Number of protein chains: 4
Amino acid sequence: MAGSIYGKIFRAATWGESHGRGIGVVIDGCPAGLPLCEADIQKYLNRRRPGQSAYSTPRSEADAVEIMSGVFEGVTTGTPISLMILNTSQRSVDYSEIARLYRPGHADYTFDEKYGFRDYRGGGRSSGRETAARVAAGAVAAEFLKKLGITVQAYTRSVGSIVAEKTDLSEIYENPIYMPDKDAAERASAYLDELRTKGDSSGGVVECIINGMPAGIGETVFDKLDAELAKAVMSIGAVKGVEIGEGMDASLLRGSENNDGFAKTADGIHKTSNHSGGILGGMSDGSQIVLRAAFKPTPSISIPQHTVDKDGNNADITVKGRHDPIIVPRAVVVVESMAALVIADRLLENMTSRLDRIQKFYER
Amino acid sequence: MAGSIYGKIFRAATWGESHGRGIGVVIDGCPAGLPLCEADIQKYLNRRRPGQSAYSTPRSEADAVEIMSGVFEGVTTGTPISLMILNTSQRSVDYSEIARLYRPGHADYTFDEKYGFRDYRGGGRSSGRETAARVAAGAVAAEFLKKLGITVQAYTRSVGSIVAEKTDLSEIYENPIYMPDKDAAERASAYLDELRTKGDSSGGVVECIINGMPAGIGETVFDKLDAELAKAVMSIGAVKGVEIGEGMDASLLRGSENNDGFAKTADGIHKTSNHSGGILGGMSDGSQIVLRAAFKPTPSISIPQHTVDKDGNNADITVKGRHDPIIVPRAVVVVESMAALVIADRLLENMTSRLDRIQKFYER
Amino acid sequence: MAGSIYGKIFRAATWGESHGRGIGVVIDGCPAGLPLCEADIQKYLNRRRPGQSAYSTPRSEADAVEIMSGVFEGVTTGTPISLMILNTSQRSVDYSEIARLYRPGHADYTFDEKYGFRDYRGGGRSSGRETAARVAAGAVAAEFLKKLGITVQAYTRSVGSIVAEKTDLSEIYENPIYMPDKDAAERASAYLDELRTKGDSSGGVVECIINGMPAGIGETVFDKLDAELAKAVMSIGAVKGVEIGEGMDASLLRGSENNDGFAKTADGIHKTSNHSGGILGGMSDGSQIVLRAAFKPTPSISIPQHTVDKDGNNADITVKGRHDPIIVPRAVVVVESMAALVIADRLLENMTSRLDRIQKFYER
Amino acid sequence: MAGSIYGKIFRAATWGESHGRGIGVVIDGCPAGLPLCEADIQKYLNRRRPGQSAYSTPRSEADAVEIMSGVFEGVTTGTPISLMILNTSQRSVDYSEIARLYRPGHADYTFDEKYGFRDYRGGGRSSGRETAARVAAGAVAAEFLKKLGITVQAYTRSVGSIVAEKTDLSEIYENPIYMPDKDAAERASAYLDELRTKGDSSGGVVECIINGMPAGIGETVFDKLDAELAKAVMSIGAVKGVEIGEGMDASLLRGSENNDGFAKTADGIHKTSNHSGGILGGMSDGSQIVLRAAFKPTPSISIPQHTVDKDGNNADITVKGRHDPIIVPRAVVVVESMAALVIADRLLENMTSRLDRIQKFYER
């Protein structure tokens, strides 16, 4: 189990390496009857495509997705949807250094320890390029969720210590950082320009909000909604922390501060605050789901670092080529995609929870 | 899939409610040949048993575990290990208020939304008592790991804003907070005494370290070691954030600060720092694994709160009875247990990763 | 993964050995709201209980099931249902021979090869007693199916070469063979009496019919309805063949003989024959599902056989004690149980197959 | 879960329709270090390629497989292996009749019942063409098994009532029926010629033998080796019965006839006969594994049949085009492939069964 299949009902099996023939995903379990075309998926892929701004690698990939199966006359058939993106930019470059030296902060060493060797071309399977397949799958999940009135939206909450102080969703696509705060985005850009000049990089935080969730979605013990979100988001390379609602800061609060009251209004029962981030006891509570993921700084930096080679000799390494000075902006749509996959899967699973609803379902 | 089964190879299926007949777990996939007796498991259970200190509920449960199957002549047989803990303290109390009102911060509302009703006796399945079954399973996993030279140790890192400033492992069991810092533990005790007087509660952070891990354990895409740890730990009720290594603070760092170099010494290749928390690219990197979980404050407080009843009428609630003013100390062993389950499962899965090792395994 | 958990959504995790403390099952994923009490389950267990007739072992077990969790005020809560049957008849007997010698036709040798040793008391985990846990789980599944208008009924089709020539369902419980043909049952009884006198045993066939299935249930490639039934039924110890509809004889037919036509009547579309046994392309076709399982003869016979001991010395063995001269009658309810588990799981999974139905489900 | 993913550790996710862009499979969990090239896989695919003989459809497909990922410098990397076969022969034909009418014996009706509509071009996902992806995956599994000294070989046991009376493996590829008996193959050919003239078809039986299995492989309760084989083989479209060893005929035998004795020779412990077909208690017993699958006759026949159209009107149908008069010869390699997938998966799972072997594995 090399761990490249996500989900229980709505399942995504991804494949592909950075510098191989291409990358792709097979989605097994997408419901039949969903309108789907390549353009629906392409718009998500374009958000993580390299070469979009000064803060992403200049590698130029069209990242054009092809639907290979599972769609007939414009709608999903219920059978596996195979999506493929051919690599077009795998230039013949000199990999001799990366093949020989373990780059700090990368998976070179651990890959060799696990498998005995690795596809060293551009990071192989542990390249950020792997996330394109997640985005393709997530796009399908997001289209499905829209049909149920559920939207998933991520954006950059912070870059280094520069935090977006407001959440102006209309601003997100207006700046290359995907921050919902124009001023903070400008300061972040200046900071990243400075780091790039120094050959250094920055971490940051992506926040994701989910609206339209019915209450009661998620399972009650190991497969809690927040647990599945944590796994899905932590599985994105470079994520080192995941928070729901108050997150780590919940540890600083008192019960009287952290508890959300309930109130009845004309619209029904709702919470009077949302410290919980939309999840109680592992199930959605009907309010907005709020999660955050902390990304470490891009490990590829042009500042010399200490390392060893495959034979165990000490060495210095300076990672060549131009690299994103920050992972976060291109990761925004990846977080969104993973969240969409989780929500889709949990919604489907939840259909089986009550006899009365199952009986009604089968009364045809 | 009510989500009460954890794992792929080493699997734990838990059952039981706070005020039912008992709780338990069936472990399917524990390797044959592991010495195991009830006392091995009991010592873990005793660490989360109520009534241990001033900071845990005075409910008195022996929490005596019985091995019902899977052990023969003192060793595991490879077949399911059924562990049972009978409830002995489910007094007949008046549940009419809790049956009618949704307690803020609890799963009462979401349970009703999911299933249409709930077992309201003491929290039912969403009671903290559910974690006793996790600990029983985790104890078996931990015993297995010891045989491979791997140890898992958790402790309290912080209570509210009081942080343990040193990590003196010999101190952990010397204070009721399970903090590895005597002074911090004393300050935390004073803070908790104050909160209890006010009928309020505090959050906190549990930290867990894992030593002895070989490098290369964990799968490379969705089932990364850190992703599985995040899920397992976030699935503990009341956890709102999970961190690996630098965690959320990785977002504040630069690549030149966060990357861990490699060096060769007489002992082999090792990292020169451990910002990664022992995991690179989803696989163990041979250094100590470090994870943290933030727990929200106990939601049961005796301060009046706004809520609604099942029929949607606004109401006030004051949660009666004595409750732990903090979840953290009793949760320490729960975090340890979940981590042990994850590590055991990943180690078993990893055995199948390389043809050369498989060939050697079957050369008998 | 010792393989003691069945199912994807409606899951059953069984445990227990023949001569340990007891046996049981944890059901995770049973929908909430199903009325359930111990008597509902007991009536299924009583059908496989030993000591029922001259053709079953005289071991006297009450096989009294206890519901340990998951039921509140008489209905299932949606959380795990733990069912336990304590062993009461594990007399202290002399196992020295069985511990030392490999019984032909039993799992003694293969267990030792897999695990290095075995719980040799009465067959341990590979005892037929393990099936009691399957029946307990199957009883719950069957109760669930009844609520959807689906019934599962098994009976003995043949004993050795004596075949039931009619299918009189009212006769099944009127004879100890559970055959739907009184005359055949009498001839079978005479044959079994003769075998028992000789210390020999007989094989036989169990047939199972499922009525009330909606069309379209089952997945289309690997997880076909017939594939899942085949696995579930073949997993019963002693089953050596599984058939759907015409079964092995389909190989003898021509397309013009084997194809079932379709016709429209006042009741809707139906098939004009049922060679397919109710399954087409891995999905239920709306007609009666018909499956058969061939059981080998009881391997425990009192006729001397050649074998070896654990140390590899040639030896003779005469299996002592009284044993069922045939497995089939007590296995009837086991086949029924496994079929019920499969159908319940597939029905739940099928709810997620169409967007239009999912949308309608969530329009609340 | 549309059910297109097979396996637990060695997993295959297939995709593709008869007349779409192509078909393929993603294999997740193949061990690293296995030499693999397209020719290794192509030779298996060629055995099921259409147009091979008078008894297969004249559709001409190159069925050329491409390795899209997971292989680096000629060996598998441990990451997903994506295999793709582009369709080249999806001629523009008139599907109006098949779109409207339910073909007897096909999945047209059940697909519509499950999903509300279907991709009617050439059977879509339920076409026999789907099995090409199984063969591609099975080829990889078979190459892996060879490295462990395990071989899987299938052949045609019978065509209608014509049974191969000997098992001459050298004869299999010498006749278009893939029968291990030259005389029987000639009689089968004559029978099939006759049926084809009449527009009719025949069923048959495929037998599969597995040599080189170590003893003790397979799990002991639900995931028995024979149970997994039964599922895998029954999941092939058109299979209606599966047998292990004596199969259905075990029901006719007495214990004294069916039990296999054990004996010690210079080579170790072996069985003195093999009625069990190499499996005892769900685990391999070290002797040859023998399984059989009964295939129904090709449902597409040119003899008129009664059916209904999508709107429920009675109609007659004559399936047009040339079709295989028998499925069996092309299915031989499909059975072999499914068996190889099962064995590979079970062998990997079995590595985790014993503490002593796990300890030795990790002593590095």
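Asker: Which parts of the structure should I look at to understand the overall build of chain A?
Answerer: Counting secondary structure elements, chain A contains nine helices and 18 strands. On C-alpha atoms alone, chain A measures out to a radius of gyration of 21 Å, which is about the 21 Å that the 2.2 N^0.38 rule sets for 364 residues. Projected onto its principal axes, the C-alpha positions of chain A cover 65 × 50 × 40 Å. Per-residue burial for chain A yields a buried fraction of 70% across its 364 residues. Residue pairs at least 24 apart in sequence account for 67% of intrachain contacts in chain A once pairs closer than 6 positions are excluded. Accessible area for chain A stands at about 10,800 Å²; split by element, carbon and sulfur atoms hold 48% of it. Of the side-chain charges in chain A, 42 are positive and 47 negative, and the distance between the mean point of each set is 2 Å.

Asker: Which parts of the structure should I look at to understand the side chain of S18 of chain B?
Answerer: Tracing the backbone shows S18 of chain B in the loop between β2 (11-16) and β3 (22-28). Looking at S18 of chain B, its side chain comes within polar contact range of the side chain of H19 of chain B, at 2.6 Å.

Asker: Whenever I open this one, helix α8 (residues 328-350) of chain A confuses me. Can you help?
Answerer: What sets the pattern is the α-helix's 3.6 residues per turn: residues three or four places apart point alike. Spanning 23 residues, α8 of chain A covers 32 Å between terminal C-alpha atoms, matching the ideal 33 Å at 1.5 Å per step. For α8 of chain A, the tally of buried residues reaches 23 of 23 residues, placing the bulk of the element in the interior.

Asker: Looking at this structure, I do not really get the relation of the copies chain B and chain D. What am I missing?
Answerer: Both copies of the chain are related by a screw-like operation: a rotation about an axis and a shift along it. Aligned on chain D, chain B shows an RMSD of 0.0 Å; the corresponding rotation is 180 degrees and the shift along the axis is 0.0 Å. Seen this way, the second copy is the image of the first under a two-fold rotation axis. A high fraction, 100%, of the interface residues of chain B reappear at the interface in chain D, so the copies pair face to face through one surface.

Asker: What is the right way to read the relation of the copies chain B and chain A from this model?
Answerer: Between the two copies, chain B and chain A, the superposition gives an RMSD of 0.0 Å; the rotation angle is 180 degrees and the shift along the axis is 0.0 Å. Of all interface residues in chain B, 99% are interface residues in chain A too; the two copies therefore contact each other through one and the same surface.

Asker: What is the right way to read the interface of chain B and chain A from this model?
Answerer: The partner chain A presents 109 residues to the 109 residues of chain B that form the contact. Here chain B meets chain A over a buried area of about 8,600 Å², counting both sides, of which 59% is carbon and sulfur. Linking chain B with chain A are six salt bridges, by the criterion used here. Residue E228 of chain B is joined to K231 of chain A by a salt bridge in which the shortest nitrogen-to-oxygen separation is 2.9 Å. At the boundary of chain B with chain A, the tally comes to 51 residue pairs in polar contact (both at pLDDT 80 or more). Broken down by element, the side of chain B that touches chain A gets its largest block of residues, seven residues, from helix α3 (residues 108-115) of chain B. A breakdown of the residues in the side of chain B that touches chain A according to their chemical character gives 42 nonpolar, 38 polar and 29 charged. The pairing of strand β11 (residues 239-244) of chain A with strand β11 (residues 239-244) of chain B spans three bridges and is antiparallel. By the bridge assignment, G241 of chain A is partnered in β11 of chain B with E243 of chain B.

Asker: What is the right way to look at the pairing of strand β2 (residues 11-16) of chain D in this model?
Answerer: For a regular strand, side-chain orientation follows a simple rule: the groups alternate between the two sheet faces. All names here are of chain D. Most of β2 sits inside the fold, with six of its six residues counted as buried. Note that strand β1 (residues 5-6) and β2 share two bridges and pair antiparallel. Of the residues in β2, the one forming a bridge with Y6 is A12. What sits between β2 and strand β3 (residues 22-28) in their antiparallel hairpin is a turn of five residues.

Asker: Mind showing me how you'd approach the packing of helix α1 (residues 38-48) of chain B against helix α8 (residues 328-350) of chain B here?
Answerer: Packed helix pairs are characterised by how far apart their axes lie and by the angle those axes make with each other. Residue and element names in this part refer to chain B. Contact geometry for α1 and α8: axes closest at 7 Å, N-to-C directions at 140 degrees. It follows that α1 is oblique to α8 by the angle criterion. Residue-level inspection shows Y44, R47 and R48 of α1 in contact with α8, the latter providing R330, V332, V333, V334 and E336. Here the contact of α1 with α8 is built from residues that sort into four nonpolar, no polar and four charged.

Asker: Got a minute to help me understand the pattern of salt bridges in this structure?
Answerer: Opposite charge on two side chains permits them to pair, given that their charged atoms come into close proximity. Within this structure, the stated rule accounts for 113 salt bridges over all chains. With its nearest N and O atoms 2.5 Å apart, the salt bridge here joins R134 of chain B to E130 of chain B. Measuring nitrogen to oxygen at the nearest pair gives 2.9 Å for the salt bridge that ties R354 of chain B to D356 of chain B. Owing to a relative accessible area of 40%, D356 of chain B belongs among the partly exposed residues under this scheme. One salt-bridge network, held together by shared partners, links K8, D223, E228, D345, R346 and E349 of chain A together with K231 of chain B.

Asker: Before we go on, may I ask you to explain the interface of chain B and chain D in this structure?
Answerer: How large an interface is tends to be reported as the accessible area lost when its parts come together. If you look at the interface, chain B gives 26 residues, while chain D gives 26 residues. Looking at the side of chain B facing chain D, the largest losses of area belong to M351, L355 and Y362 of chain B, adding up to 27% of the total buried there. The tally of links between chain B and chain D comes to zero salt bridges. Taken together, the connections running from chain B to chain D amount to 10 residue pairs in polar contact (both at pLDDT 80 or more). Where the side of chain B that touches chain D is concerned, the elements lending two or more residues are α8 and α9 (355-362) of chain B. Here the side of chain B that touches chain D takes six residues from α9 of chain B, the largest share from any one element. For the side of chain B that touches chain D, a count of residues per class yields 15 nonpolar, seven polar and four charged.

Reading the values: rules and limits
- Every chain is numbered independently, its residues counted from 1 as its sequence is written.
- The lettering of chains begins at A and the numbering of ligands begins at 1, in the order of writing.
- Only residues with pLDDT of at least 70 get local features here, since the model is predicted, and only at 80 or more are side-chain atom pairs given and counted; chain-wide, interface and lining totals rely on the full set of residues.
- Water and hydrogen atoms play no part in the side-chain values, which are based on all heavy atoms of the structure.
- Segments assigned H or I by DSSP are reported as helices when at least four residues long, segments assigned E as strands when at least two residues long, and all are numbered from the N terminus.
- With the radius of gyration taken over C-alpha atoms, the globule rule is written as 2.2 Å times the number of residues to the power 0.38.
- With a 1.4 Å probe rolled over the protein chains alone, any residue whose accessible area is under 20% of its type maximum counts as buried; one over 50% counts as exposed, and the rest are partly exposed.
- Note on definitions: a residue-residue contact is assigned when non-hydrogen atoms from the two residues lie within 4.5 Å.
- Throughout, the Shrake-Rupley method with a 1.4 Å probe supplies accessible areas, and for residues the shown protein chains are the sole cover considered.
- Residues counted as positive are Lys and Arg, residues counted as negative are Asp and Glu, and His and the chain ends are not counted.
- Each charge is placed at NZ for Lys, CZ for Arg, CG for Asp and CD for Glu.
- Think of a polar contact as two N or O atoms within 3.5 Å of one another; within protein, one of them needs to be a possible hydrogen donor and the other a possible acceptor, and neighboring residues in sequence only count if both atoms come from side chains.
- Under the convention used throughout, the expected extent of a helix is 1.5 Å for every residue step, that is, one less than its residue count.
- Alignment of copies: least-squares fit on C-alpha atoms of residues with pLDDT of at least 70 in both copies.
- Buried area is understood as the total, over both parts, of accessible area removed when two parts are fitted together, assessed with a 1.4 Å probe.
- Any carboxyl oxygen of Asp or Glu that lies within 4 Å of a side-chain nitrogen of Lys or Arg is treated as forming a salt bridge with it.
- Amino acid classes used here: Ala, Val, Leu, Ile, Met, Phe, Trp, Tyr, Cys and Pro are nonpolar; Asp, Glu, Lys and Arg are charged; the rest, including Gly, are polar.
- When DSSP finds two or more bridges between two strands, those strands count as paired.
- Between N-to-C directions, angles span 0 to 180 degrees; the directions come from axes that are lines fitted to C-alpha atoms, helices contributing only their stretch in contact.
- Orientation categories follow fixed angle ranges, with anything under 35 degrees roughly parallel, anything over 145 roughly antiparallel, 65 to 115 roughly perpendicular, and all other angles oblique.

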